[in-house]
Amino acid sequence: MSATTLPPPPADLLDGASLFLDFDGTLVELAERPDAVAVDARLHTLMRRLADRLDGRVAIVSGRPAEQIHALFGSEGMTVVGSHGMEFRWHDGRVHVADRPEGLAEALSAMHALADRTPGMLVEDKPLGAALHFRMAPEAEAQAQALAGELAARHNLHLQPGKMMVEVRAAGGDKGAAIRTLMAEPELASTRPLFMGDDHTDEPGFEAVAALGGAGILIGASRPTKATYRLNDVQATLAWLEAACGSAA
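Residues numbered from 1 in each chain as written. Predicted model: local features only at pLDDT ≥ 70, side-chain atom pairs only at ≥ 80, totals over all residues. Heavy atoms only, no water.

1. Focus on the side chain of T225
Line of reasoning, step 1. Checked against the element boundaries, T225 lands in the loop between β11 (215–219) and β12 (229–231).
Line of reasoning, step 2. By relative accessible area, which is 4% here, T225 ends up buried.
Line of reasoning, step 3. At 2.8 Å, the side chain of T225 and the side chain of E203 are in polar contact. (Helix = DSSP H or I, 4+ residues; strand = E, 2+ residues; numbered from the N terminus. Buried < 20%, exposed > 50% of the residue type's maximum accessible area, 1.4 Å probe, protein only. Polar contact = N/O pair within 3.5 Å; in protein donor to acceptor, adjacent residues only side chain to side chain.)

Spelled out as structure tokens, the structure:
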């Protein structure tokens, strides 16, 4: 569906729902460097309000490592899924992390070699992946994409494109599979899933919530999508969530 036809989500959409949230580009603005992002007081307060509104049925589902999300939020006690569905850190302390692929060490070495000769390019070492960020070196996009494609094929890794970055990572998971796992939890099983995200990596999440009787909310510019609703940007997302927190079930 073309997102140009998508309406904004209704204020009462959170009623009886479980909420899954992407992080970068959804709850916080995209930054030139992954480590330049911070969680401010407004977002801390919002996450606490959402947890109260939904009786704890809220989780962040991100491409970032789960430990990074935990560090950014501190001891909020929420469920976090990191590495595109390959790391689960549950609110009750349970942890499940897939095995680190053997080929990542060689992939990282090759990425660092490219970044060393490309001013502005950054390499991100993740628990289950390695990413090249070219937001500060847009002219090097083709080189980054070509190298990542070659490394994915050579080391049997999943090729994961994103906004001004490309990643190779462990195969076998995505945000849709993560949401289906979360929805199998007893306290979530009878609720309606909602997922908010901005990137093409969020499309499996939109497909999953739709199949489970819920809805996806695209954040950002119009594009073909499996989402049901759309909000313009991060600020519109925060404002909608704040208003929805004040809407009684």
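2. Observations concerning the packing of aromatic side chains
Line of reasoning, step 1. Going through the model one piece at a time under the given rule, you end up with three aromatic pairs.
Line of reasoning, step 2. Measuring from ring centre to ring centre gives 5.5 Å for F195 and F206, while their planes differ by 50 degrees; the resulting arrangement is tilted. On the criterion of sequence distance, the pair formed by F195 in strand β10 (residues 192–197) and F206 in helix α6 (residues 203–211) is long-range, its members being eleven residues apart. As far as burial versus exposure is concerned, F195 and F206 are alike and both buried. (Phe/Tyr/Trp six-rings, centres within 6.5 Å; stacked < 30°, edge-to-face > 60°.)

3. Brief notes about the pairing of strand β3 (residues 79–82)
Line of reasoning, step 1. With burial as the criterion, each face of β3 is covered, one bearing T79 and V81 and the other bearing V80 and G82.
Line of reasoning, step 2. By the bridge criterion, three bridges tie strand β2 (residues 58–61) to β3 in an arrangement that is parallel. Among the inter-strand pairings, I60 is bridged to a residue of β3, identified as V80.
Line of reasoning, step 3. Sheet topology places β3 next to strand β4 (residues 87–89); three bridges connect them, and they run antiparallel. What sits directly across from G82, in β4, is E87. (Pairing = 2+ DSSP bridges.)

4. A look at α6
Line of reasoning, step 1. Turning to α6, its buried residues number three or more, namely E203, G205, F206, A208 and V209.
Line of reasoning, step 2. The elements touched by buried residues of α6 are α5 (175–183), β10 and β11.
Line of reasoning, step 3. Two residues or fewer after α6 comes G213, characterised by a positive phi angle close to 90 degrees. (Contact = heavy atoms within 4.5 Å.)

5. Here's the deal with the environment of L122
Line of reasoning, step 1. With respect to the helices and strands, L122 occurs in strand β6 (residues 122–125).
Line of reasoning, step 2. What makes L122 buried here is its relative accessible area of 17%.
Line of reasoning, step 3. Note: C-alpha distance between L122 and H112 (ten residues apart in sequence) is 8.1 Å.
Line of reasoning, step 4. Leave out the neighbours within four places in its chain, and L122 touches E32, R33, P34, A131, L132, H133 and M136.

6. Side note on the nonpolar core
Line of reasoning, step 1. Within the largest apolar cluster, 35 residues are counted, with the highest numbers of intra-cluster contacts made by L19, F23, L43 and M47.
Line of reasoning, step 2. The set of elements that each furnish at least two residues to this core consists of β1 (17–21), α1 (41–53), β2, α2 (66–73), β10, β11, β12 and α7 (234–245).
Line of reasoning, step 3. With residues near it in sequence (within four places) discarded, F23 still touches V28, V37, V39, L43, I60, S62, R64, I69, L72 and F73.
Line of reasoning, step 4. Listed in part, the 20 residues of the second largest apolar core include M111, M121, L147 and L157. (Core = buried A, V, L, I, M, F, W, Y, C linked by side-chain atoms within 4.5 Å.)

7. Things to note about the sheet that holds β12
Line of reasoning, step 1. A sheet is described by the order of its strands in space; here eight strands give the open sequence β5-β4-β3-β2-β1-β10-β11-β12, paired in mixed fashion. Here the strands that pair on one side only, and so sit at the sheet edges, are β5 (95–97) and β12. For this sheet, the mean inter-axis angle between neighbouring strands, taken without regard to orientation, is 20 degrees.
Line of reasoning, step 2. Taken together, the four bridges between β10 and β11 define a ladder with parallel strand orientation. Note on β11: the bridge partner recorded for L194 is A215. (Axes fitted to C-alpha atoms, helices over the stretch in contact; angles between N-to-C directions.)

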